[in-house]
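Structural description and commentary
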Amino acid sequence: MIKTAELTKVFRTDEVETTALNKVSLQVDSGEFVAIMGPSGCGKSTLLNILGLLDNPSKGKYYFLEHEVSDYSEKQRARLRKQNIGFVFQNFNLIDELSVFENVELPLIYLGVNSTDRKSRVEEVLEKVKISHRKKHFPLQLSGGQQQRVAVARALVAKPHLILADEPTGNLDSSHGEEIMKMLEELNGTGTTIVMVTHSLRDAEYAQRIVRLFDGQVVTENIKAPV
Amino acid sequence: MFWNYLKIAFRNLVRQKSYSLINIFGLTIGIAAFLMIMLYVQHELSYNSHIPNKDRLYRCVELQFPDGIDDQHVAVTMVPLGETLMENFPEITNFVRLWNLGEIPIGTRDGTILNQNFVSFTDTTVFELFGVELIRGDEETALVEPRSIIFSEKTAKKFFGSVDSAMNQIVTLFGFEGFKVTGVMENPPVNTHYRYEVLISMSTAYDMFDWFGGWESNMLDTYVQLSENADHRELSKKFKPFLLEYREISEEEQESFFDLYLQPVDVIHLKSGHIKFQVMNYRQGSAQSVLIFIIIAVLIVVIACVNYINIAIARSMKQAREVGMRKVLGASRSSLMYRFFGESFLLTVISIAFSLLLVEIFLPYFNDILRVDLQMDLAGNWMLNIGLLALLVLISLISGAYPAFYLSRFRPIKVLKGSLSDNDMKSGWLSKGLVVFQFVVSIALIFSIMALYKQINFLMNKDLGYNPDNVYAVSLHNNNDPDDLRQLKEKLLQKPKITGVAAASYYNGVAGNQSTIQVIDSAETSIMMRFGYVDYDFLDMMGMQIVEGRNFDESYAMDSLEAVIVNRAAVETLGWENPLEQSFTPFYDTLHNRKVIGVVEDYHYYSLHSKIEPAVYIIYPEEFRQMMVRVNGEMNNEASEYIEESWKEIFPGRPFEMHVVENLIQNSYRGEQRMMELFGYFAIISLIISSLGLYGLTTFIIQQKRKEIGIRKVLGSSSVQVILMLMIRFLKLVFIAGLIALPLAWYFMDDILAGFAYRAGISWYIFVIAMLVSLVIATITILYHATRAANSNPVDAISYE
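Counting restarts for each chain, with residues numbered from 1 along the sequence as it is written. All chains are assigned letters beginning with A, and all ligands numbers beginning with 1, in the order in which they are written. Local features in this predicted model are restricted to residues whose pLDDT is 70 or higher, and side-chain atom pairs enter the listing and the counts only when it is 80 or higher, whereas totals over whole chains, interfaces and linings include all residues. Hydrogen atoms and water are omitted, and side-chain values are computed over all heavy atoms in the structure.

1. With respect to the overall build of chain B
A run of DSSP states H or I qualifies as a helix once it reaches four residues; a run of E qualifies as a strand once it reaches two. Both are numbered from the N-terminal end. Helix and strand counts for chain B stand at 26 helices and 23 strands. Once the C-alpha set of chain B is aligned to its principal axes, its extents read approximately 105 × 60 × 60 Å. Relative accessible area decides the class of each residue, using a 1.4 Å probe on protein chains only: under 20% of the type maximum gives buried, over 50% gives exposed, and in between gives partly exposed. Scored against the burial criterion, the 801 residues of chain B give a buried share of 54%. Working rule for contacts: check all heavy atoms of both residues, and any pair within 4.5 Å makes them a contact. Restricting the contact set of chain B to residue pairs at least 6 apart, pairs at least 24 apart contribute 79%. Of the roughly 35,800 Å² of accessible surface on chain B, a fraction of 55% belongs to carbon and sulfur atoms. When charges are tallied, Lys and Arg are placed among the positive residues and Asp and Glu among the negative ones, while His and the ends of the chain are skipped. Think of each charge as sitting on NZ of Lys, CZ of Arg, CG of Asp or CD of Glu. Averaging the positions of the 66 positive and the 86 negative side-chain charges in chain B gives two centres separated by 22 Å. Note on areas: Shrake-Rupley with a 1.4 Å probe; residue coverage comes only from the protein chains shown.

2. Regarding the interface of chain A and chain B
Between chain A and chain B, the residue contacts involve 21 residues of the former and 21 residues of the latter. Buried area, as used here, totals the accessible surface that two parts lose on assembly, with accessibility defined by a 1.4 Å probe and the loss added over both. Of the roughly 1,900 Å² buried at the junction of chain A and chain B (both faces included), carbon and sulfur atoms supply 55%. The salt bridge definition used is simple: a Lys or Arg side-chain nitrogen within 4 Å of an Asp or Glu carboxyl oxygen. At the boundary of chain A and chain B, one finds one salt bridge. Measuring nitrogen to oxygen at the nearest pair gives 2.7 Å for the salt bridge that ties Glu97 of chain A to Lys705 of chain B. For this analysis, a polar contact is any N or O atom pair within 3.5 Å, provided that within protein one partner can donate a hydrogen and the other can accept it, and provided that sequence-adjacent residues contribute only side-chain to side-chain pairs. The interface formed by chain A and chain B holds four residue pairs in polar contact (both at pLDDT 80 or more) in total. If you list the elements that add at least two residues to the side of chain A that touches chain B, you get α1 (44–51), α2 (74–84), β6 (85–89) and α3 (100–111) of chain A. Residue classes in the side of chain A that touches chain B are distributed as 10 nonpolar, five polar and six charged. Lys, Arg, Asp and Glu make up the charged group, whereas Ala, Val, Leu, Ile, Met, Phe, Trp, Tyr, Cys and Pro make up the nonpolar group; the residues left over, Gly among them, are polar.

3. Points about unusual backbone geometry
Residues and elements named next belong to chain A. Look at Lys159: it is not a glycine, yet its phi comes out positive at around 50 degrees. Within the secondary structure, Lys159 sits in the loop between α5 (144–156) and β7 (162–166). With a phi close to 50 degrees, Asp215 is a non-glycine residue in the positive phi region. By secondary structure assignment, the location of Asp215 is in the loop between β9 (209–214) and β10 (217–223). For Asp215, a relative accessible area of 53% puts it in the exposed group.

4. Here we look at the packing of α3 of chain A against α5 of chain A
Residues and elements named next belong to chain A. Inter-axis angles, ranging from 0 to 180 degrees, are taken between N-to-C directions of lines fitted to C-alpha atoms, where helices are fitted over the stretch in contact. Taken N-terminus to C-terminus, the directions of α3 and α5 make an angle of 30 degrees; their axes are 7 Å apart at the nearest point. As summarised for this structure, α3 and α5 are arranged roughly parallel, according to the angle between their axes. The interaxial crossing formed by α3 with α5 has right-handed handedness. Counting all contacts with α3, which are made through Val100, Asn103, Val104 and Pro107, the residues of α5 involved are Val150, Ala153 and Arg154. Residues belonging to the contact of α3 with α5 are distributed by class as follows: five nonpolar, one polar and one charged. Throughout this description, any angle smaller than 35 degrees is read as roughly parallel, any larger than 145 degrees as roughly antiparallel, any in the 65 to 115 degree range as roughly perpendicular, and the remainder as oblique. Note on convention: the crossing is left-handed when the near helix lies turned anticlockwise from the far helix by less than a right angle, right-handed when the turn is clockwise.

5. A closer look at the sheet that holds strand β1 (residues 2–12) of chain A
All names here are of chain A. One requirement defines pairing of two strands: DSSP has to find at least two bridges between them. Strand order in this open sheet of four strands is β2-β1-β4-β5, and the pairing throughout is antiparallel. Strand pairing shows two members of the sheet lacking a second neighbour, β2 (17–28) and β5 (67–68), which therefore form its edges. As defined by bridge partners, β1 adjoins β2 across eight bridges and the pair is classed as antiparallel. Looking across to β2, one finds that Phe11 is bridged to Thr18.

6. Looking at the pairing of β6 of chain A
Residue and element names in this part refer to chain A. When you tally the buried positions in β6, you get five out of five residues, the bulk of the element. With burial as the criterion, each face of β6 is covered, one bearing Ile85, Phe87 and Phe89 and the other bearing Gly86 and Val88. For β6 and β7, the ladder comprises five bridges, and the chain directions are parallel. Each residue of the ladder has a partner; that of Gly86, found in β7, is Ile163.

7. Here's the deal with the packing of aromatic side chains
Residues and elements named next belong to chain B. The aromatic pairing rule takes the rings of Phe, Tyr and Trp, using the six-membered ring of Trp, and pairs them if the centres are within 6.5 Å, calling planes under 30 degrees apart stacked, those over 60 edge-to-face and the rest tilted. Within this structure, the stated rule accounts for 36 aromatic pairs over all chains. Consider the rings of Tyr40 and Phe293, whose centres lie 5.2 Å apart with planes at 80 degrees: the pair is edge-to-face. Of this pair, Tyr40 sits in helix α2 (residues 17–45) while Phe293 sits in helix α10 (residues 287–328), and the two are 253 residues apart along the sequence. For Tyr40, a relative accessible area of 11% puts it in the buried group. Each ring, one from Phe362 and one from Tyr365, has its centre 6.0 Å from the other, and the planes form 50 degrees; the classification is tilted. Within this pair, Phe362 and its partner Tyr365 are both found in helix α11 (residues 333–370), separated by three residues, close to a single helical turn. Residue class for Tyr365 comes out exposed when judged on its relative accessible area of 55%. The structure contains a cluster of three or more aromatic residues connected by ring pairs, namely Trp99, Phe121, Tyr206, Phe209, Trp211 and Phe212. The rule for a charge over a ring is simple: NZ of Lys or CZ of Arg within 6 Å of the ring centre, and within 35 degrees of the ring normal. Lying across the ring of Phe340, Arg339 places its NZ or CZ 4.9 Å from the centre.

8. So, the nonpolar core
Joining through side-chain atoms within 4.5 Å is the link that ties buried Ala, Val, Leu, Ile, Met, Phe, Trp, Tyr and Cys residues into a set, and such a set is a nonpolar core. Residues Phe439, Ile443, Phe538, Phe552, Tyr617, Met628 and Phe682 of chain B are the most contacted members of the largest nonpolar core, which totals 138 residues. Formed by 39 residues, the second largest nonpolar core is a distinct cluster that contains Val88, Ile131, Leu142 and Val157 of chain A.

9. Quick notes on the environment of Ile446 of chain B
Looking at where Ile446 of chain B falls in the secondary structure, it is placed in helix α15 (residues 427–461). As for Ile446 of chain B and Tyr308 of chain B, which are separated by 138 residues in sequence, their C-alpha atoms are 23 Å apart.

10. Re α2 of chain A
Owing to its 3.6 residues per turn, the α-helix aligns residues three or four sequence positions apart on the same side. Taken together, the buried positions of α2 of chain A are Arg77, Ala78, Leu80, Arg81 and Asn84 of chain A. Where α2 of chain A is buried, its residues touch β4 (59–64), β5, β6 and β7 of chain A together with α23 (706–714) of chain B.

11. Examining helix α3 (residues 81–88) of chain B
All names here are of chain B. For α3, the set of buried residues is Leu81, Gly82, Thr84 and Leu85. All buried residues of α3 project into a common sector of 165 degrees when viewed along the axis, lining one side. The inward-facing, buried residues of α3 abut β1 (57–64), β3 (92–107), β10 (221–226), α8 (232–246) and β11 (259–264). An arc is given here, and it is the one of the directions from the helix axis to the C-beta atoms.

12. Regarding a negative patch on the surface
Patch members must show over 30% relative accessible area and no salt bridge, and they are joined within 9 Å when carrying like charges or within 5 Å when they are nonpolar side chains of Val, Leu, Ile, Met, Phe, Trp or Tyr. Among the surface-exposed residues, Glu128, Glu133, Asp138, Glu139, Glu140 and Glu186 of chain B lie close enough to one another that they form a single negatively charged patch. Topologically, Glu128 of chain B is positioned in helix α4 (residues 126–130).

13. Focus: a nonpolar patch on the surface
Residues and elements named next belong to chain B. A surface patch of nonpolar side chains, amounting to about 550 Å² of accessible area, comprises Trp764, Tyr765, Val768, Ile769, Leu772 and Val773. Turning to its location among the elements, Trp764 is positioned in helix α25 (residues 764–791). Under the relative-accessibility criterion, Trp764 is labelled exposed at 65%.

14. Details of empty space enclosed by the protein
If a probe the size of a water molecule is rolled over the atoms, the empty space left behind becomes visible. The way it works is a 1 Å grid over only the protein atoms, where trapped points that fit a 1.4 Å probe form a cavity and open points with protein on both sides within 12 Å along at least five of seven lines form a pocket, and then any residue with an atom within 4 Å of a point lines it. Grid points are joined across faces, edges and corners, and a volume is the space filled by probe spheres set on the points. Counted according to the given criterion, the structure contains six cavities of 30 Å³ or more. Of the voids in this model, the largest cavity is the one considered here, and its volume is about 90 Å³. Lining the largest cavity are Arg81, Lys82, Ile85, Gly86, Phe87, Pro107, Arg154, Ala155 and Ala158 of chain A together with Val714 and Leu715 of chain B. Elements that contribute at least two residues to the lining of the largest cavity include exactly α2, β6 and α5 of chain A. For the lining of the largest cavity, the element with the most residues is β6 of chain A, which contributes three residues.

15. With respect to the environment of Ala153 of chain A
All names here are of chain A. For Ala153, the position within the fold is in helix α5. Classification of Ala153 by relative accessible area gives buried; the value is 0%. The spacing of Ala153 and Glu123 is 30 residues in sequence and 9.9 Å in space, taken between C-alpha atoms. Ignoring any residue separated from it by four or fewer positions in sequence, one finds Ala153 in contact with Val104, Val125, Leu126 and Val129.

See below:
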C-alpha cells in the first residue's frame, strides 16, 4: 500500500538547513498496523505528513497505492487523500463552530456525497464510536476522550484504506487512551491499514510492527506477533 | 509614570506596524473629513453673527393667501410698512429697509461704465442695525441726502483705484446723473444673508420715482428692531388686526388679507426654505443639509473608531496572554487600563496631527465645491481648538475603552492556560456588528448619491417645454429703448450663424414679479399670476407651443396694448372653457382691458423644484432685461465676437455681458449638484475606512481560522472551497448591512427628494447597484487574505499549534 524509497525532507530557513528525514525507506502493506516511534524532533510527524499526502518530500520516491506521488501537485494529492486517507490527531483538530455531526459529515461533503447518504453514514459511524447521543453538541462541550472519538469517527466516515494517527492518545488520560486504542485495533481487524506515530510503548504494543526513527533515519524495524 | 505608558504605547505602535498604519490612516482621513465638514457647519451657523444686537433684529415676512395658487410666504414688503409699524408699536424701536436693484451699470466721470452687483437703496439706520462700518465719510450724513451713494472698499477700488480718491466722486447710475460718493464702507462679511457692495440713500428713491412710497406693491426688505424684552411672536399676532384697521380694508377682503410676522435675522440663512420670494438671501442654506452634514461627519469619525475597536478585539486573543502574564507579575487592573488608553491616546494624537495636514491640503478643493472660503485658523478659531481637544479625548476614550475595560478584566490563570476561546470572549457578535454598522453607513451613502444623481440627471434632461439649446442671453440692464433693440436685433440677424433673436424680461419669459389680475366676468374673479414681458418673437424663438389661438403678431396694431397670452395653468386655474373669449385688467394699466389671444402650453419657467403656476405674457419693452440669441450649432468665437461688436456699436460704452441659457437653468440645481458631489466624496471616504477595517479584521480572523482552514484542507477541501467559505462568511455581513441600510437610505432620500415638484423616483436598480458596489469592494478587500490562507500548507496550521 505504501512504499517509500530514500525519502528525504529538508527544511530551509534563511540561515539554517534542517534535514528532518534522511533517506527513509519504508514499506507498509495493506491491512498492517504500524507504529512509528522516536524521540521528539526525530521526524516522525514529518514522515506522517508525507505519508498522508499533506506534504511533498524534498527527494526520494513515494508510492501510494502504486502511484508515484512524490511530485504530485496539492490538487492531485488532495484528490487521492480525501478518497483514501483518514487522519486522527493528538489535539483532535475538530472545528469548534461545527457540531459533532457536522464535524464528522465534513469529509463526505468534500467527497460530494448527497445529503441522505451523508446522514445515514454519519449516524452509522457515530454509533460505532458510541457518541451518537452527543451528535448535537459542540466540541468544547465534550471531554477529551469524547472529542477524540469524534475525530476517529470523522477519520472513518469516508471509509478510507489508510488511517494515519498522530499521537492519538497524547492528550488523553489512560482509560480514555485505551478506549481509543481498542477502537483502532478493532478497525485494523476489519482490514483498515493504520500507521500511528506515538511516544507511548503501551500504545505501540497494539501495532504489529514498530519502526524507530532517530535523527530522520530509520534505526530499527521490529516485527511483532499480533497481540 | 505617564511617560512610561506613552513609551510602551509607542513601542507597541512601532512593533505592530501594519495594524498601526491601518488605524492611523483610517482615523486620519476620518478626522480630516470631520474637521472640514465641521468648519463648513461652523460657517453656515455663523451667518449674520456680525450684526450687533442680532437677537433683537427681525425681518418682516408676509403670509399671503392668493387666489388661484397655494398660500405663500413672502419676505418682500411695502415701502411704508416699517415706518408705520414703528409709529404704532412701542415695542419697535427702529427699522431699516433695503431695496435691492441687483446688477446695474455704474459710470464714472471718465466715461467708463461697469456692471456692479449688490446695489441697494437703504435707510441711514443701516449703519446701526446692520453694523455697517464706514472707513470714510460720516454715518450721520452719508445716506441722508438724495443721490448719496456709498461704496464698499473693494468696489471703491474697482471704480476709483483707491478708497481716498472715491470720496466726493460723481457717478451715473442707469444713466441717471449726479450721484455723489459720500462714504466708503468696510467690505461686507462673507457670512451675511444680505450682501451689499453699493448703498444708495433711500431719499433718492422718493426723489426720483413719483410712484415710490405707496402701499401698492411689495418691493423691499423691512427689518425692525425690538425693545429688549419684546416677544416677537406676541407682537406678530397684533400686526394683521392693526393693518386691517389702519388701511381700512373692507370686510369681504379681510380674510384673504395677508398675515404679517417677524423672522429673527439669525435664522434667515438656514430657515427660509418656506419663503417663496425674498429680496435677497445670498447663498441661502438649509438647516436640513447642515444637519445631514453633521450626521455624516460624526458617522465618519465613528466608523474610523470602529476600525480601532474591531482590530483591538481581533488582537485581544493574542494580547490576552500578555495581559495575563503581566497580571501574574503583579500589574493592577488600573495600570493595564492606563496602558491601553495610552495606546489609543497616542494613536489619536498622531492621527489628529496628520489630519490637520490633510485638511490644509484639501480645504481649497472643499472650498471650491462648496463655493466658500473656509480657513483652518488654529490660532484664531477657539471653537476649532476646543473641538480638536474634544475629539482627542472622545476618540481616545471610545477606541481605548474596549481593550482597557475588557482585556484588563481577564483572570490570569484562565488566560495563561489557554482555555479562553472565541466563545468565551463573546466578542464575535460585537465585531461582526461593528463591521455591519460600517457597511450600513457606506451602503446608505452610495444609495443616496445614486438616488440624487438620478434625480439631478432627470431634472437636467427633462423636457422643459421649450428649447434652451444654443441660446445665449445678453444682459440689457436699462438699455431697452425699442428702437435700439430693433437695430440690435436686425444687426444680429444679418449673421447666418444666428438663427433667432428675441427680447424678454428674462430668458425664461417671466420676471420675478407676480401680481393679481382681475378677470372681467360677472364674479370679478381675481387671480395671482406671474408676469412675463416678451416681444413678438420670443415665444416662437424659444420653442414654446401655442395650443390655442395665436401668438403676438406685429401686423395687429393693438397687440402691444390690448392683447395677452396666458399659459395652460392659468386657463385651468380659472376654469375657463373658452379662454379666447376672456379679458382682464392688469394692475399696471387699468385703462386698457387685455384680451386673451392665445394660450401657451405650460413650460417650466422656473426650476423643477416648483410647480408651474398661472402666468400671463404681454408685450412690454420697458421691462426687457435680456436679449436671447439662438445660434445654429455650437457657439464659435466668430459669432460671439460678432454679438459683442454689434452690442458695442449700438450701445457704445455700455458693459457687455452674455450668459449661456443652459447654464442659467442648471444654476438652479447647483445646490443638489454640490450635495451629490460631496456625498460622493463622503461615500468614498467611508468606504475606504470601512474597507481598511475589513482588511484588518480579515487579517486577524483568518489568522484565528488557520486551524480550521487546515483541518478542512486535510479532510479534502479544495482551495476554491476554502476561499468561497471565507468569502461567504464576510460577505454575509455586508449583505446584512445592505438589508439594514437600503430601507433606511430609501426612507431618508424619499424625504429629501420630496423637495422637488417633479421627481425621478428611486428605481430598483439603485438598490441592486448600491449592494453590488459594496459587495465587490468587500470582495476585493477580503480576497487577498482569503486566497493566501486557502493556498497555505495545511500542515503548518494544524499539527504544531
